[in-house]
Amino acid sequence: MLFNTVNYFVFFFVVLALFYTVPRSWRKALLLAASYFFYMSWNPKFIVLLLTLTVVDYIAAIWIERSKPGPRKKLSLIFSLAANLGFLAFFKYFNFAASNVAFLLGRPENAFFRDIVLPLGISFHTFQSMSYVVDVYRGEQEVIRKPLDYALFIAFFPQLVAGPIVRAKEFFVDLYHWRPPSSEEVQQAAFLILIGLTKKMVLADQFAKVADVYFRDVSANPGMLTAWSGVVAFAMQIFFDFSGYTDMAIGCAKLLGFHFPLNFARPYLAFSITEFWHRWHISLSRWLRDYLYIPLGGNRHGAIQTYRNLMLTMLLGGLWHGASWNFLVWGGFHGLLLSIERMIPGWQKAPAWMKPPRAILTFALVCIGWVFFRASTLHDSLYVVQQMFSGATGKMLLERWHIWMIAIALILAILEETKEVFERIAAAPRWVQVAAIVTIFFSLEIFGVTDEKIPFIYFQF
């Protein structure tokens, strides 16, 4: 049930209507039932996995609270982490590990493969659940005693399959102190949903067509211009695809009275890789910071260990995205860039006149990283990078109207960065809002891609 389909909107508006008509005491049960229905619409059998992890972490958190500091308390935490990481490792990394073992033994790559279907959104809900248990262990989160409440935190459908990764304290503030959205919040939510839909169908899916043609057979499209245009197409696709999903998730949650954290803040305007990760997939970045980078030691023990911690964090962040050497290289590439930036005094304090060229450089580096994220194999990735600096011209894969789309998106991003234009539209006079909505629907009608074969990219994680 993709967010950009009629089926989803029928489902959502039925849930929304029921939510505001049933007695308030029934609302949690309604949202939980709707969330499980949403999840089971993909593959019903994996509801057992979701329920199992929910029960494990619910019980583990209670054990942690009841235990005194010591081995028993740590054992409860280990039990929870082992269950979450064990399921994640089996479903996501078993075949990757098996293929590498087969290679070392001189066997065919698929010699030890298993027919494993990846459960939808497993990386997101396991990270969300683990953060709750760790916070309880640290004394930063009270135990949730009502099973239904905790189950809803894990399964809440707007962010179940692709985030943002919501912390327990953020979710339960809304759940336990719920208030209906104001008229201004309803307008903001509706506008976010429309913006997200436009990002996905008008922008992401149009650029996906170009990126798919290029990466389907990179050797058939040699040349520097060809490579850069194909990679830029994917850079546009993944940003508009993922930020579009996030906009819709935040908007749907807000209509139900829940407030999700910001997940994107115009990352392609960043003037350094460090700033890029402060703007891109923010909920994952802060998860990696709080539950991996800082526990490893952060920047508290000198430069060498700081670089090591950055590299380990980004390598594991890359592996979180997928089980392949490509994702490890992608994560390592960003870890290396983050480390290099820390070596350069004053790199994070660029003067205003330097920000535009620095932003171009950062975007180019991010695009090189995206090659490893998107290409099918490490061999293809290295070939594309080689072509990006080959000197041979090649052909431009982006049409002129693609360039105009990028230019318009850039102008809107700068206006949002400096003038908060979208917030102003949401609070503007009615005629301005109507004009914006008409423009959105016109764009959807003229440029919108209705091919359901182009799913949201992050649904695979």
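Just so you know, the residues in each chain are numbered from 1, in the order the chain's sequence is written. The predicted nature of this model means local features are confined to residues of pLDDT at least 70 and side-chain atom pairs, given and counted, to a pLDDT of 80 or more, with totals for whole chains, interfaces and linings taken over all residues. To get the side-chain values, take all heavy atoms of the structure and skip hydrogens and water.

**Here's the deal with the overall build of the protein**
Right, so step 1: Segments assigned H or I by DSSP are reported as helices when at least four residues long, segments assigned E as strands when at least two residues long, and all are numbered from the N terminus. Looking only at helices and strands, the protein has 18 helices and zero strands in total.
Right, so step 2: Just to be clear, the radius of gyration here is over C-alpha atoms, and the globule rule we use is 2.2 Å times residues to the power 0.38. The C-alpha radius of gyration of the protein comes to 23 Å, within 12% of the 23 Å expected for a compact globule of 461 residues.
Right, so step 3: Principal axes of the C-alpha set define a box for the protein whose edges measure 65 × 65 × 45 Å.
Right, so step 4: Here a residue-residue contact requires only that any non-hydrogen atoms of the pair lie within 4.5 Å. Counting contacts in the protein only where the partners sit at least 6 residues apart, residues at least 24 apart contribute 75% of the total.
Right, so step 5: To measure how exposed things are, a 1.4 Å probe is used in the Shrake-Rupley method; for residues, cover is taken only from the protein chains shown. Total accessible area computed for the protein in this model is approximately 21,600 Å², and 68% of it derives from carbon and sulfur atoms.

**Thoughts on the nonpolar core**
Right, so step 1: Within the largest apolar cluster, 142 residues are counted, with the highest numbers of intra-cluster contacts made by Tyr132, Tyr268, Trp280, Trp370 and Tyr458.
Right, so step 2: Beyond its immediate chain neighbours, meaning those up to four positions away, Tyr458 contacts Phe124, Val161, Ala162, Ile238, Asp241, Phe242, Trp280, His281, Trp320, His321 and Phe373. Residue types Ala, Val, Leu, Ile, Met, Phe, Trp, Tyr and Cys, when buried and joined through side-chain atoms within 4.5 Å, form a set referred to as a nonpolar core. Note on exposure labels: buried denotes an accessible area under 20% of the residue type's maximum, exposed denotes more than 50%, and partly exposed covers the range between, all computed with a 1.4 Å probe on protein chains only.

**Points about a nonpolar patch on the surface**
Right, so step 1: Two distance rules govern patches: like charges are joined within 9 Å, and nonpolar side chains (Val, Leu, Ile, Met, Phe, Trp, Tyr) within 5 Å, applied only to residues with over 30% relative accessible area and no salt bridge. We count a salt bridge whenever a side-chain nitrogen from Lys or Arg sits within 4 Å of a carboxyl oxygen from Asp or Glu. On the surface, Trp404, Ile408, Ile411, Leu412 and Leu415 cluster together into a nonpolar patch covering about 500 Å² of accessible area.
Right, so step 2: Within the secondary structure, Trp404 is located in helix α16 (residues 400-419).
Right, so step 3: Under the relative-accessibility criterion, Trp404 is labelled exposed at 57%.

**Quick notes on unusual backbone geometry**
Right, so step 1: If you check the backbone angles, Arg266 has positive phi at about 50 degrees while not being a glycine.
Right, so step 2: Owing to a relative accessible area of 25%, Arg266 belongs among the partly exposed residues under this scheme.
Right, so step 3: In this structure, Glu420 is a non-glycine residue whose phi angle is positive, near 50 degrees.
Right, so step 4: Along the chain, Glu420 falls in the loop between α16 and α17 (421-426).

**Observations concerning the side chain of Asp174**
Right, so step 1: Relative to the elements of secondary structure, Asp174 occurs in helix α7 (residues 168-176).
Right, so step 2: Asp174 has contacts with Gly257, Phe258 and His259, leaving out every residue within four places of it along the chain.

**A look at the packing of helix α1 (residues 6-19) against helix α2 (residues 27-40)**
The description of two packed helices rests on the angle between their axes and on the distance between the axes.
Right, so step 1: Every axis corresponds to a line fitted to the C-alpha atoms, with the helix fit spanning only the stretch in contact, and the corresponding angles, defined between N-to-C directions, vary from 0 to 180 degrees. The geometry of α1 relative to α2 is characterised by a closest axis approach of 10 Å and an angle of 170 degrees between their N-to-C directions. Looking at the two axes, α1 sits roughly antiparallel to α2. Of the residues in α2, those in contact with Tyr8, Phe11, Val15, Leu18 and Phe19 of α1 are Arg27, Leu30, Leu31, Ala34, Phe37 and Phe38.
Right, so step 2: Residue composition of the contact of α1 with α2, by class: ten nonpolar, no polar and one charged. Working definition: roughly parallel below 35 degrees, roughly antiparallel above 145 degrees, roughly perpendicular at 65 to 115 degrees, and oblique for all remaining angles. Under the scheme applied here, ten amino acids are nonpolar (Ala, Val, Leu, Ile, Met, Phe, Trp, Tyr, Cys and Pro), four are charged (Asp, Glu, Lys and Arg), and all others, including Gly, are polar.

**Observations regarding the packing of helix α14 (residues 355-374) against helix α15 (residues 378-388)**
Right, so step 1: Relative to each other, α14 and α15 sit at 155 degrees, their axes nearing to 8 Å. Classified by the angle between their axes, α14 and α15 sit roughly antiparallel to one another. For the pair α14 and α15, the crossing hand works out as right-handed. Of the residues in α15, those touching α14 at Ile368, Val371 and Phe372 are Leu378, Ser381, Leu382, Val384, Val385 and Met388.
Right, so step 2: Among the residues making up the contact of α14 with α15, the classes are represented as eight nonpolar, one polar and no charged. By convention the crossing between two helices is left-handed if the near helix lies anticlockwise of the far one by an angle smaller than a right angle, and right-handed if it lies clockwise.

**Description of the side chain of Ser381**
Right, so step 1: Among the secondary structure elements, Ser381 is positioned in helix α15.
Right, so step 2: Excluding its chain neighbours within four sequence positions, the residues that come into contact with Ser381 are Asn326, Val371, Phe372 and Ala375.

**Quick word on the packing of aromatic side chains**
Right, so step 1: In this analysis, rings of Phe, Tyr and Trp, with Trp reduced to its six-membered ring, are considered paired at centre separations within 6.5 Å, and the interplanar angle assigns stacked below 30 degrees, edge-to-face beyond 60, and tilted for intermediate values. For the structure on display, the rule yields 66 aromatic pairs.
Right, so step 2: Aromatic pair Phe242 and Phe264: ring centres 5.0 Å apart, planes at 80 degrees, arrangement edge-to-face. Here the residue Phe242 occupies a position in helix α9 (residues 224-255), and Phe264 occupies one in the loop between α9 and α10 (273-279), the gap between them amounting to 22 residues. Like Phe242, the residue Phe264 is buried in the burial classification.
Right, so step 3: Each ring, one from Trp330 and one from Trp370, has its centre 5.9 Å from the other, and the planes form 15 degrees; the classification is stacked. With Trp330 in helix α13 (residues 325-343) and Trp370 in helix α14, this pair connects stretches of sequence that are 40 residues apart. Each member of the pair, Trp330 as well as Trp370, carries the same accessibility label: buried.
Right, so step 4: The rule for a charge over a ring is simple: NZ of Lys or CZ of Arg within 6 Å of the ring centre, and within 35 degrees of the ring normal. The side chain of Lys92 reaches across the aromatic face of Trp320, ending 5.4 Å from its centre.
Right, so step 5: Directly above the aromatic system of Trp347 lies the positively charged group of Arg358, at a separation of 3.7 Å from the ring centroid.

**Overview of the pattern of salt bridges**
Right, so step 1: Following the criterion strictly, the structure yields 14 salt bridges and no others.
Right, so step 2: Close ionic contact of Arg266 with Glu416 constitutes a salt bridge, the shortest N to O distance being 4.0 Å. Of the two residues, Arg266 is situated in the loop between α9 and α10 and Glu416 in helix α16; the sequence distance between them amounts to 150 residues.
Right, so step 3: We classify Glu416 as buried; its relative accessible area is 9%.
Right, so step 4: Asp290 serves as the salt-bridge partner of Arg289, at 2.7 Å between the closest nitrogen and oxygen.
Right, so step 5: Assessed through its relative accessible area of 41%, Arg289 is described here as partly exposed.
Right, so step 6: What you see here is one network of salt bridges that share partners, running through Arg266, Glu275, Arg279, Glu416 and Glu417.

**Let's talk about the environment of Asp135**
Right, so step 1: Structurally, Asp135 can be placed in helix α5 (residues 122-138).
Right, so step 2: On the basis of relative accessibility, which here comes to 6%, the residue Asp135 falls in the buried class.
Right, so step 3: Along the sequence, Asp135 and Arg216 sit 81 residues apart, while their C-alpha atoms lie 43 Å from each other.
Right, so step 4: In this view, Asp135 contacts Glu140, Gln141 and Tyr291; residues no more than four positions away in its chain are not counted.

**Description of helix α4 (residues 71-104)**
Right, so step 1: By this rule the span expected of a helix is its residue count minus one, scaled by 1.5 Å. Taking 1.5 Å of rise per residue, 34 residues should cover 50 Å, yet α4 covers just 38 Å from first to last C-alpha, more than 12% shy of that figure.
Right, so step 2: Where α4 bends most, at Tyr93, the angle is about 65 degrees.
Right, so step 3: Where α4 terminates, the next one or two residues include Gly106, which has phi positive at roughly 75 degrees. The bend at a residue is defined as the angle formed between two axes, one fitted to the seven residues ending at that residue and one fitted to the seven starting there.

Everything listed here is a matter of coordinates, which is why it stays silent on function.
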